[in-house]
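Overview (structure and organization)
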Amino acid sequence: MLISFFEEFPNKENLSKLKLIDFKTKLYLASKSYREFREIRIKNRFVKEIIYWPILDKKEGYWISPFSKKSALKRVFNENIKSSIMLDLELPRNKLLYFNIFNFFRNKKLIREFIKDNKVYTAEYYPEGYLKDSFFSFIGLNFNPNKYNNKVIKMLYHSMHNFNEDFFRKEIEYGIKNYKHRYLIAFGTIAHGINKNEPLLSLEQLDKDLKIAEEMGVKEIIIYRLGGLNKNYLRIIKKYV
């Protein structure tokens, strides 16, 4: 099973954690532009691929969604991107953008067409059932890989959501059955994110999550985030690589 890492803040301190990694991995690195992303230097022969993760200014929405500023979406989508890209599809940090109804459908179309035309990973909320899945699809935060040819990363963060093992297994089973190799899972969090108050995943829960994913045949797990990696988390991770 391939275990990869998100890094929302790819600074020197966080990227220094790569010295702990001696197994094949991938990195999903956040940047405000493709040019900034290209300037990041990774010195670890075990990193097999680096995926561009564009983020916006907070006033523009920070994450990608139909509620984001239209000009910001166009700026990202018009970059001359020559690598794989991950769109982090989440509701905007700037709550005023919820009223951005005028551009909502135009933005949704922009995102949809970009996903169809490029090699895209979409990081998405886990669905919590058919109705919520349908709602997220309607507001442009879920994209079916069978229709759009994207690879979908479902954010199953046990540290932030108290879903039980039965739901956890059913979600993985549904994803593998319907999307096969285009279905990936994210676990976390092992470090704080942009909100600075995200609860951290226990060692025991990470071990349990990885064990279930391996048993069920998940091909790739992405852990949020690299900067939280330490010898204790590493000890658990290396049991599954």
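Let me begin by describing the structure that accompanies this report.

About the thresholds
Residues numbered from 1 in each chain as written. Predicted model: local features only at pLDDT ≥ 70, side-chain atom pairs only at ≥ 80, totals over all residues. Heavy atoms only, no water. Helix = DSSP H or I, 4+ residues; strand = E, 2+ residues; numbered from the N terminus. Rg over C-alpha atoms; globule rule 2.2 N^0.38 Å. Buried < 20%, exposed > 50% of the residue type's maximum accessible area, 1.4 Å probe, protein only. Contact = heavy atoms within 4.5 Å. Areas by Shrake-Rupley, 256 points an atom, 1.4 Å probe, with all protein chains shown as cover. Lys, Arg positive; Asp, Glu negative; His and termini not counted. Charge placed at Lys NZ, Arg CZ, Asp CG, Glu CD. Salt bridge = Lys/Arg side-chain N within 4 Å of Asp/Glu carboxyl O. Arc of directions from axis to C-beta. 1 Å grid on protein atoms, 1.4 Å probe; cavity = no way out; pocket = protein on both sides within 12 Å on 5 of 7 lines; lining within 4 Å. Points joined across faces, edges and corners; volume = space filled by probe spheres on them. Nonpolar A, V, L, I, M, F, W, Y, C, P; charged D, E, K, R; others polar.

On a plain count of helices and strands, the protein chain comes out with nine helices and eight strands. Expected size for 241 residues packed as a compact globule is a radius of gyration near 18 Å; at 17 Å, the protein chain falls within 12% of this value. Here the C-alpha coordinates of the protein chain stretch approximately 50 × 40 × 30 Å along the principal axes. Evaluated residue by residue, the protein chain yields a buried proportion of 54% over its 241 residues. Contacts spanning at least 24 positions in sequence make up 74% of the contacts within the protein chain whose residues lie at least 6 apart. Surface accessibility of the protein chain: about 12100 Å² in total, with carbon and sulfur atoms responsible for 51%. Side chains of the protein chain give 45 positive and 28 negative charges; the mean places of these two sets differ by 5 Å.

This brings us to the pattern of salt bridges. Enumeration over the complete set of coordinates arrives at 13 salt bridges. One network of salt bridges, with partners in common, ties together E165, R169, K208 and E215.

Time to look at helix α3 (residues 70-77). Along an α-helix, residues three or four positions apart point the same way, because every turn accommodates 3.6 residues. Inspection of α3 places A72, L73, V76 and F77 among the buried residues, and these make up the whole buried set. All buried residues of α3 fall inside an arc of 125 degrees around its axis, so they share one side.

Moving on, we get to the layout of surface pockets. Roughly 430 Å³ of internal volume is contained in the largest pocket. Taken together, 23 residues make up the lining of the largest pocket; nearest its centre are E90, Y125, M155, Y157 and M160. Elements represented by at least two residues in the lining of the largest pocket include exactly β4 (85-88), β5 (120-125) and α5 (130-138). Residues of the lining of the largest pocket, tallied by class, amount to 13 nonpolar, four polar and six charged.

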